[in-house]
Amino acid sequence: MTTKMLKFVSVPQKQPQKRTAAERRTDFDEIYDDFKPEQATEQASRCSQCGVPFCSVHCPLGNNIPDWLMLTAQGRLEEAYGVSSATNTFPEICGRICPQDRLCEGSCVIEPGFESVTIGAVERFVTDTAFENGRVKPVSPLRERAESVGIVGAGPAGLAAADQLRAQGYQVHVYDRYDRVGGLLVYGIPGFKLEKHIVARRHELLVEGGVVFHLGQGIGNGPGELSFAELRGRHNALLIATGVYKSRAIGGPGAGLAGIEKALDYLTASNRRSLGDVLPDEAQALDAAGKNVVVLGGGDTAMDCVRTAIRQGAKSVRCLYRRDRANMPGSTREVKNAEEEGVQFEWLAAPEAFLGDTHVTGVRASRMKLGLPDASGRQSVEPLEGSSFTLEADLVIAALGFDPEPLPQLWDEPALAASRWGTLKVDQKSFMTSLPGVFAAGDIVRGASLVVWAIKDGREAAQSIHEWIKADAMARTAEQG
């Protein structure tokens, strides 16, 4: 079965063709072309079918990567999709936005010098081909169950759980305060990484499968919102999968000046423009056209911001990051793409103050040096004395990470236990919160993380909900008997 494999010695690694930087700077379309079938087959054949597949070990979902690579190399694409989708609810999304260089591809054991297998692009190809050939079907439970499950949040964790629970026959209702399904997949991630029709077709499949969506429905005690108590009364179990949306504040002199914006506000406004939405007047400032832009941060959100600013026609775009390239938390592939598109990086630099009277005009920063490892194991950073410099800036975007919203207070449910970081406390095995029958998964539990981890948590939480509802039904029957 491995006659078509082990070709990494004779076949070089290739990614799909990438549009030129000059071309992709002008639109928000995805930057990679699709693999041709023969290209996907050839790249899949490079897999060494090793005895201990570290690509699978280091995939949060534990995807059976060597198996579907072998099937792809043999042209058995329908079977390849079956294996890929058995462990991953949204392989076409992970194939596009997972940082494979830090996960599966970065763990490939092919001999140094031959380079890793191109896993993400093949994963995307297999699923897109399955969609094109009508092989991706809505969930179809063997039998309907009377019990219902409510899910708060239509992001990757909530959608993955909805798919799994609906497959078990539960009546699944998903509540989300936004007007589209997808959460940060739609409003936080730019189209050049994930075009929005990719998410929309999954939404359509879930609706066809019987999942009911309540969009534009906030949870809380405000006008038009549904109270948490009422929500619990509607369903046999609840899953909280709200994600984390509260941007971390930036401090320092001048931090309150106009023109200093939060990354998520900026990205949401850009994505809404691309979707054809009419933005309120105050959102007009969230446009980089003709401006000198400085983005603070070094994660994937910062990369999304700098690359968005380029496409909006910024005069200049600089990224200020306090550590060096090797310590940058974002994908190295994204950094390379940003540099190709014209972003300038200021490594080992951190802001000291923001300049301007009422509106920001510049960022005063200082050079940094790496010191000894701190408690987390990462090298600490220290300012270099007398190294201050100033960057001109008409728009500053803070991409410093996200924290959870205070759900127990917002939902008037003090019994919902939260950690000191604001994330919800859950049983590590069952995903149940301090409230019986109320579960939580995704970023609201683990903090801001990757989409692939949210999918994993959603799938596992769905299984725990299924087991809990069955046990609860048995207990009730025993009491009545």
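Scroll up for the structure.
Notes on the structure in this doc start here. (Residues numbered from 1 in each chain as written. Predicted model: local features only at pLDDT ≥ 70, side-chain atom pairs only at ≥ 80, totals over all residues. Heavy atoms only, no water.)

This part covers the overall build of the chain. If you tally the helices and strands in the chain, you get 17 helices and 16 strands. Here the C-alpha radius of gyration of the chain, 24 Å, is about what a compact globule of 481 residues would show, namely 23 Å. If you line up the chain on its principal axes, its C-alpha atoms span 80 × 60 × 45 Å. Looking at the chain residue by residue over its 481 residues, the buried ones come to 53%. Put simply, 70% of the contacts in the chain that link residues at least 6 apart link residues at least 24 apart. (Helix = DSSP H or I, 4+ residues; strand = E, 2+ residues; numbered from the N terminus. Rg over C-alpha atoms; globule rule 2.2 N^0.38 Å. Buried < 20%, exposed > 50% of the residue type's maximum accessible area, 1.4 Å probe, protein only. Contact = heavy atoms within 4.5 Å.)

Under the defined criterion, the tally for this structure stands at 35 salt bridges. Across the salt bridge formed by Glu-405 and Arg-177, the nearest N and O atoms sit 3.2 Å from each other. On the criterion of sequence distance, the pair formed by Glu-405 in the loop between β15 (402–403) and α15 (407–410) and Arg-177 in the loop between β2 (171–176) and α9 (184–187) is long-range, its members being 228 residues apart. Note on Arg-177: relative accessible area 42%, which makes it partly exposed. (Salt bridge = Lys/Arg side-chain N within 4 Å of Asp/Glu carboxyl O.)

On to a nonpolar patch on the surface. On the surface, a cluster of nonpolar side chains totalling about 330 Å² of accessible area is made up of Val-52, Phe-54, Val-57 and Val-109. Checked against the element boundaries, Val-109 lands in the loop between α6 (91–97) and α7 (119–132). (Patch = residues over 30% accessible without salt bridge, like charges linked within 9 Å, V, L, I, M, F, W, Y side chains within 5 Å. Areas by Shrake-Rupley, 256 points an atom, 1.4 Å probe, with all protein chains shown as cover.)

Let's shift gears to the sheet that holds strand β3 (residues 212–215). Overall, parallel pairing links the five strands, which are arranged β3-β2-β1-β4-β16 in an open sheet. The sheet is open, and its two borders are formed by β3 and β16 (438–440), each paired with just one other strand. Across the sheet, the mean angle separating the axes of adjacent strands is 20 degrees when strand polarity is ignored. Strand direction decides the pairing type here: strand β1 (residues 148–152) and strand β4 (residues 237–240), joined by four bridges, are parallel. (Pairing = 2+ DSSP bridges. Axes fitted to C-alpha atoms, helices over the stretch in contact; angles between N-to-C directions.)

Inspection of every chain in the model, using the stated rule, returns seven aromatic pairs. Note on Phe-8 and Phe-114: the rings are 5.5 Å apart at their centroids and 80 degrees apart in plane angle, and the pair reads as edge-to-face. Of this pair, Phe-8 sits in the segment before α1 (21–24) while Phe-114 sits in the loop between α6 and α7, and the two are 106 residues apart along the sequence. Relative accessible area serves as the criterion here: at 14%, Phe-8 is assigned to the buried category. Each ring, one from Phe-345 and one from Trp-347, has its centre 4.8 Å from the other, and the planes form 5 degrees; the classification is stacked. (Phe/Tyr/Trp six-rings, centres within 6.5 Å; stacked < 30°, edge-to-face > 60°.)

Right, let's talk about the packing of helix α4 (residues 65–73) against helix α5 (residues 77–87) for a bit. Between α4 and α5, the least distance of the axes is 8 Å, while the angle of their chain directions is 170 degrees. One finds that α4 runs roughly antiparallel with respect to α5. Along its contact with α4, which presents Asp-67, Trp-68, Leu-71 and Thr-72, the element α5 presents Leu-77, Glu-79, Ala-80, Val-83 and Ser-84. Looking at side-chain class alone, the contact of α4 with α5 contains five nonpolar, two polar and two charged residues. (Parallel < 35°, antiparallel > 145°, perpendicular 65-115°, else oblique. Nonpolar A, V, L, I, M, F, W, Y, C, P; charged D, E, K, R; others polar.)

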